[in-house]
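# Inside the fold
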Amino acid sequence: MFKSLFFFSFFVYSFTIVAQKNDQQNYHPPLDIPLVLAANFGELRPNHFHMGVDFKTNGAEGLKLYAIEEGFVSRIKISPYGYGKAVYIDHPNGITSVYAHCSTLIGRLDSLTKLTQTKEENFEVDIYFTPKDLPVKRGEVIALSGNTGGSTAPHLHFELRDTKTEMGLNPLVYGFQVADTKAPEIKGLKVYALTEDGYQIPNKSFIKTVTKGKFGYYIGGDLLQVPSDYCSTHGGIGFAFEVVDFFDGAPNVCGLYSSSLRVGKDTLFQQRINQISFENSRYVNNHKDFKEYSVAKRKFHKSYRTKHNPLEIYPTKNQGVLPISPRDSFPIAFKALDTKNNAAELKFTLKVSDGPMNTTETIFPNWKYFHPDSSYHIKSEQVEFYVAHHTFYEPTLKNLSTKGTISLGDPSQPIQFPITVKLPIKKGLTNLSTYYISVTAAGGKVRPLKTSFEGNWFSAKSSHLGTFQIKRDTIAPSLIPLNFTGTEIEITKSRLTWKVKENQTELVDYDLFIDGKWQVLEYESKGDYLFFDRPQGMLGKHKLELIVVDSCGNKQVWTKEIFFK
Ligand SMILES: [Zn+2]
């Protein structure tokens, strides 16, 4: 307890310093076209909040990206996933700026990256630099915009972070101005019966449609009728609101920045997304109504929090659980705001029906539910599970089966920390690396898990609850030339592209050797292709060898002699 208090006060202190310094900032824009947003900071995404802003790049790649302030390149990360090619610049004011999904790095950023790639014989690198290696001036071109990594359309994903704590900061609060005259829009309201810890009582929630009228937002009859059995002696009710926001110059649907929920004159709950730590970003699964998001793609922000929600986006100590009794009546006002203070407001009267309260004593019995406060070690002859405490956001149905079909938990529920699963290795199995554990989660989707073997057990970590099985992959990834037929002997193209496909597990290694020498081969995971950009001076006859390997060690080799013209 003492340790966490200390950490908390340190965080507040350092964060205040950054905020003060930053108020005086006037950054160079990262693009030389008007800054138009495709996405804002804090948007609800699968398993994370959006940790930056997405600037539009006119639907094209190759726009110049500028350092927003002087400083030095502290990190370059190259990956076929996530941020793709990303540049991190540390500035003297204690802020780090991040430029992601780049197509090309410029000058020494590019040459030093290729040097490390060649040395490590790996396209995927994560390089840290000292202030002397790559100093940059304000407004210096550092890279060209692109669509690499997890990006699905060309844009610049741009972030600001506190250099010391790596806290993600909302660029629209910390120095970046984007035209915004459009107010947020409120689309729905959800009510839940909650325990005193903010846990949802099963089968006691409902949605009300919110409509925009002449005088603001309303629900039918301006009345919210709550059944009397939503009342219990411990706990109360909570709300979630479906809200979206828009910016000028684009129709893109963005996320809610700030809100307050009042009951009469009292503030019941508040949200303000100024900063989110990367460590806590996965708690988005707890902040949003997970079911509405995963089933209907609706973005409800909860206006209350469960007992163990550590997110930094609530400027209130309140939990947001409203105690109610039969025949109660309250005036409720919900206000949504963007960073320019454009507002949307919804007002209604909450009325609780007359009738019996909920008198169930144990809502989540231990035999039926896993609890967020507990850790679990479950062992049988056929399986071993390890579950750390605070893995579950709410009490979760056990659905435990340790014989025959192996399963744990409600597959539609998210978890914060991966669980460890161990399944026994049957006698006589050989080539153990070709076996892996799979998890079948909600919707029947089967996911391979990175599996190791220790003693008599296969072992894996799973970020999903569901059914676990041992599977085998003995088939190598397929590999075919894409922009040349493969039968040509002479090639004039400067870029060679191959289609690579791994059907069961994952592609983990891909290496191109020319005359035995390793080359930088880029992997584009979205379209499943590999490409090689031939340096200008590479001419004449060469022997190409391309090797791809999946996570079960299955290897595919493609070789050819080619005459470059
Ligand atoms: Zn983004």
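Residues numbered from 1 in each chain as written. Predicted model: local features only at pLDDT ≥ 70, side-chain atom pairs only at ≥ 80, totals over all residues. Heavy atoms only, no water.

## A few points about the packing of aromatic side chains
Summed over the entire model, instances satisfying the criterion amount to 23 aromatic pairs. With centroids separated by 5.7 Å and ring planes inclined at 85°, the aromatic side chains of Phe484 and Trp498 adopt a geometry described as edge-to-face. Placement of Phe484 in the loop between strand 38 (478-481) and strand 39 (490-491) and of Trp498 in strand 40 (residues 495-501) is noted, with a sequence separation of 14 residues between them. By relative accessible area, Phe484 is classed as buried at 6%. Taken together, the ring pairs in this structure connect Tyr27, Phe55, Tyr99, Phe158 and Phe176 into an aromatic cluster. (Phe/Tyr/Trp six-rings, centres within 6.5 Å; stacked < 30°, edge-to-face > 60°. Helix = DSSP H or I, 4+ residues; strand = E, 2+ residues; numbered from the N terminus. Buried < 20%, exposed > 50% of the residue type's maximum accessible area, 1.4 Å probe, protein only.)

## Let's talk about the domain arrangement of the chain
In terms of domains, the chain is made up of domain 1 (2-169), domain 2 (185-352), domain 3 (369-472) and domain 4 (478-564). Placing a centre on the C-alpha atoms of domain 2 and another on those of domain 4 gives a separation of 51 Å. (Domains from an automatic or database assignment.)

## Observations regarding the coordination of the zinc ion
A four-donor tetrahedral metal ideally has 109.5 degree angles, and a six-donor octahedral metal ideally has angles of 90 or 180 degrees. His50 (NE2), Asp54 (OD) and His157 (ND1) make up the full set of protein donors to the zinc ion, lying at 1.9 to 2.1 Å. Read from N- to C-terminus, the donor residues coordinating the zinc ion fall into the pattern H-x3-D-x102-H. Of this pair, Asp54 sits in strand 4 (residues 53-56) while His157 sits in strand 13 (residues 155-162); the two residues are 103 residues apart in sequence, bridging distant segments of the chain. (Donors = N, O, S within 2.8 Å, 3.2 Å for Na, K, Ca; no water.)

## Examining the environment of Phe531
Tracing the backbone through its elements, the reader meets Phe531 in strand 44 (residues 529-533). Between the C-alpha atom of Phe531 and that of Leu512, which follows or precedes it by 19 residues, the distance is 9.6 Å. When residues no more than four places from it in sequence are discounted, the contact partners of Phe531 are Arg495, Leu496, Thr497, Val520, Leu521 and Glu522. (Contact = heavy atoms within 4.5 Å.)

## Some remarks on the pattern of salt bridges
If you walk through the whole model with that rule in mind, you get 21 salt bridges. With a closest N to O distance of 3.5 Å, Arg45 and Glu43 form a salt bridge. What makes Glu43 buried here is its relative accessible area of 5%. The partner of Lys190 in a salt bridge is Asp289, with the nearest N and O atoms 2.9 Å apart. Of this pair, Lys190 sits in strand 15 (residues 185-194) while Asp289 sits in the loop between helix 3 (284-287) and helix 4 (290-296); the two residues are 99 residues apart in sequence, bridging distant segments of the chain. Across the pair, exposure class does not vary: Lys190 and Asp289 are buried alike. (Salt bridge = Lys/Arg side-chain N within 4 Å of Asp/Glu carboxyl O.)

## A closer look at the layout of surface pockets
In this structure, the second largest pocket encloses a volume near 1,200 Å³. The wall of the second largest pocket is formed by 43 residues, among which Phe290, Lys291, Ser412, Gln413 and Pro414 lie closest to the centre. Here the lining of the second largest pocket takes seven residues from strand 16 (residues 200-209), the largest share from any one element. Its residues assigned to classes, the lining of the second largest pocket comprises 18 nonpolar, 12 polar and 13 charged. For the lining of the second largest pocket, the domains that each give at least three residues are domain 2 (185-352) and domain 3 (369-472). (1 Å grid on protein atoms, 1.4 Å probe; cavity = no way out; pocket = protein on both sides within 12 Å on 5 of 7 lines; lining within 4 Å. Points joined across faces, edges and corners; volume = space filled by probe spheres on them. Nonpolar A, V, L, I, M, F, W, Y, C, P; charged D, E, K, R; others polar.)

## Observations regarding unusual backbone geometry
The backbone phi angle of Glu121 is positive, close to 50°, even though this residue is not glycine. Secondary-structure assignment places Glu121 in the loop between helix 2 (108-120) and strand 10 (125-128). One non-glycine residue, Asp528, lies in the positive phi region at around 55°. Its location among the elements puts Asp528 in the loop between strand 43 (522-524) and strand 44.

## Quick word on the pairing of strand 40
Bridge count between strand 38 and strand 40: four bridges; the pairing is antiparallel. Each bridged residue has a counterpart across the sheet, and for Ser478 the counterpart in strand 40 is Lys501. Judged from the five bridges that link them, strand 40 and strand 44 form a sheet pairing that is antiparallel. Residue Leu496 lies in a different strand from strand 44, and its bridge partner there is Phe532. (Pairing = 2+ DSSP bridges.)

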